[in-house]
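Here are the chains, one letter per residue:
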Amino acid sequence: MHRQHIDLDEAIQILKDTLPLPETEILPLEQAAGRVLAVPLLARVDHPSVDDSAMDGIACKLSDSQRTPVTLKLVGESRAGEGFSGVVNTGECIRIYTGAPVPEGADAICKVEDLQIEGDQVTLLHPARSQDIRHRGSDFRAGQEGLQKGDVLSPARLALCASMGHRTVEVFKKLRVGILSTGDEIIEAGEPLAPGQVYDSNKYGIYAQLLDLGLEPVLLPHAADHPEKVKENLKEAGLDVLLTSGGVSMGNYDIVRDLLFGEGEVRFWKVNLRPGGPALCGLWEGLPVLGLPGNPVSALVVFEVLFKPAVFALLERTDPPHRKVRARASNPFKAVPKKTAYWRAKLVFEDGELQVQDGNAPLSNMLRGLAHANALVVVQPGEAIEAGELAEVLWL
Ligand code: AMP
Ligand code: MG
């Protein structure tokens, strides 16, 4: 038995349980940017690997350098990549550069701006500082966990992988997600448009959303509203998941619905959500299918608030699927009985606070309003938001 009229959280859970966990692959770092780590990553080395200098200057004994000015004898140098092999004794110093090892005997650095150097005589105008030594392992130690399973490899994290001594990383493979548009009226953009026909906009919107989510979109040929054609397209090899658009509500030609109910297995149909209520989830010949409603706004919202969080949960991503903020409503946002409403809106920073205003796309076919929206205002069932109140907002 499938579930019907369920809350979004339950729908996310069911969809997550329906999606296949992707296999993992080992990639060189340059191919791993933006990917999700499949295992925790431990440091292989200490960082820094030795006590080194944070400054260009001289290294000396702290006890020699607190009463300034003081003149010390220059006995050598330590460069990054080639340290000083001797010992720094009382009354002595060596030239040192950023990242160069601090030699035995030295425990403070005086930066070059505070020095007068004449031959082998170095005068310190200000005291040397022990804080300008970066201690071995002060960033991380060998064996320490630097990154968690589920961490997305941002630029800084990719850099950290390298710094921890990893040349390759184990990440999740990208799920291959098919995009299938249904509807006899739907035609490819650029073709002449007869009255009543609609250009297939969902296909490209969903394509871009999948790329954003780090998955691999696969554009399938359009299916007219005939089960046989849909089946042909579904046979396309190698998909992990199928996203359909259109054909899931109460009409006579809603073939995705008919296909899943007739020959597949429905997991849920209809979510307490506006827009996007008719969303449908199931399996067809083992292939997980999420049926998005045809209206462009509904399709986008269901992708954003249902599909995306399910994928995050599947991969155990450590970052949240949305940036949630509170913003002052510039106008009222209405509530829908028994459904959580997601109204497209514009989020701006004005008068020292975040403000959110209606996205001017009241109907769910209004793509232009959607295209200029950058946020969704969340309105809980029956809890309308008045102008001037604080609203919960997903910042897209
Ligand atoms: P349906 O969910 O099939 O009842 O479609 C609802 C509305 O969305 C209808 O007005 C369709 O013409 C429109 N629609 C369906 N699929 C698409 C699509 N791929 N691109 C743009 N509009 C669509
Ligand atoms: Mg249709």
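Novice: In this structure, what is going on with the overall build of the protein chain? I would like to understand it.
Specialist: For the protein chain, the helix and strand inventory stands at seven helices and 27 strands. Compactness check: the protein chain gives a C-alpha radius of gyration of 30 Å against a globular reference of 21 Å for 396 residues, more than 25% above the reference. Oriented by its inertia axes, the alpha-carbon framework of the protein chain measures out at about 95 × 50 × 45 Å. Counting the 396 residues in the protein chain, one finds 46% classified as buried. Long-range pairs, those at least 24 residues apart, make up 69% of the contacts in the protein chain between residues at least 6 apart in sequence. Looking at the protein chain as shown, the accessible area adds up to about 19300 Å², and 50% of this sits on carbon and sulfur atoms. Positive and negative side-chain charges of the protein chain, numbering 40 and 54 respectively, have mean locations separated by a distance of 2 Å.

Novice: Explanation requested: the pattern of salt bridges in the structure shown.
Specialist: Once the charged atoms of two side chains with opposite charge are near each other, the side chains can pair. Going through the model one piece at a time under the given rule, you end up with 20 salt bridges. For the salt bridge of R35 with E25, the shortest nitrogen-to-oxygen distance reads 2.4 Å. Highlighted residues: R35 in the loop between β2 (24-28) and β3 (41-42) and E25 in strand β2, separated in sequence by ten residues. Take R35: its relative accessible area is 11%, and that puts it in the buried class. Exposure remark for E25: the relative accessible area of 24% places this residue in the partly exposed category.

Novice: Quick question: what am I supposed to make of the site of ligand 1 here?
Specialist: The local shell around ligand 1 holds 15 residues, among which E185, D200, G247, G294 and N295 are the closest. At 3.2 Å from a nitrogen atom of ligand 1 is found a main-chain nitrogen or oxygen belonging to S201. In this structure, an oxygen atom belonging to ligand 1 sits 2.9 Å away from a main-chain N or O atom of G247. In the complex, the protein chains occlude 78% of the 480 Å² of accessible area that ligand 1 would expose alone. Across the shell around ligand 1, the residue classes break down as three nonpolar, ten polar and two charged.

Novice: Could you clarify how one ought to interpret the packing of aromatic side chains in this entry?
Specialist: The geometry of an aromatic ring pair is captured by the separation of the ring centres together with the interplanar angle, meaning the angle of the planes. Scanning the entire structure with this criterion turns up two aromatic pairs. An angle of 70° between the planes, with centres 5.4 Å apart, marks the rings of F261 and W269 as edge-to-face. Classification of F261 by relative accessible area gives partly exposed; the value is 35%. Pairing F303 with F307 gives two aromatic rings, centres 5.1 Å apart and planes at 55°, and the pair type is tilted. Taken as a pair, F303 and F307 lie in helix α6 (residues 296-314) at a separation of four residues, close to a single helical turn. This pair shows no difference in class: F303 is buried, exactly as F307 is. Its end group placed over the ring of F312, R317 keeps NZ or CZ at 3.7 Å from the ring centre. Over the face of the ring belonging to W343 we find K334, whose NZ or CZ atom lies 4.9 Å from the ring centre.

Novice: What exactly am I supposed to notice about the sheet that holds strand β6 (residues 70-78) here?
Specialist: The strands making up a sheet associate through backbone hydrogen bonding, with each pair oriented either parallel or antiparallel. Here we have six strands laid out as an open sheet, ordered β8-β5-β7-β6-β10-β9, and mixed in their pairing. In the strand order of this sheet, the two ends are held by β8 (108-111) and β9 (115-118), each with one partner. Across the sheet, the mean angle separating the axes of adjacent strands is 35° when strand polarity is ignored. With four bridges joining them, β6 and strand β10 (residues 121-124) adopt antiparallel strand pairing. Looking across to β10, one finds that L72 is bridged to V122.

Criteria and thresholds
- Residues numbered from 1 in each chain as written.
- Chains lettered and ligands numbered in written order.
- Predicted model: local features only at pLDDT ≥ 70, side-chain atom pairs only at ≥ 80, totals over all residues.
- Heavy atoms only, no water.
- Helix = DSSP H or I, 4+ residues; strand = E, 2+ residues; numbered from the N terminus.
- Rg over C-alpha atoms; globule rule 2.2 N^0.38 Å.
- Buried < 20%, exposed > 50% of the residue type's maximum accessible area, 1.4 Å probe, protein only.
- Contact = heavy atoms within 4.5 Å.
- Areas by Shrake-Rupley, 256 points an atom, 1.4 Å probe, with all protein chains shown as cover.
- Lys, Arg positive; Asp, Glu negative; His and termini not counted.
- Charge placed at Lys NZ, Arg CZ, Asp CG, Glu CD.
- Salt bridge = Lys/Arg side-chain N within 4 Å of Asp/Glu carboxyl O.
- Near = heavy atom within 4 Å.
- Polar contact = N/O pair within 3.5 Å; in protein donor to acceptor, adjacent residues only side chain to side chain.
- Nonpolar A, V, L, I, M, F, W, Y, C, P; charged D, E, K, R; others polar.
- Phe/Tyr/Trp six-rings, centres within 6.5 Å; stacked < 30°, edge-to-face > 60°.
- Lys NZ or Arg CZ within 6 Å of the ring centre and 35° of its normal.
- Pairing = 2+ DSSP bridges.
- Axes fitted to C-alpha atoms, helices over the stretch in contact; angles between N-to-C directions.

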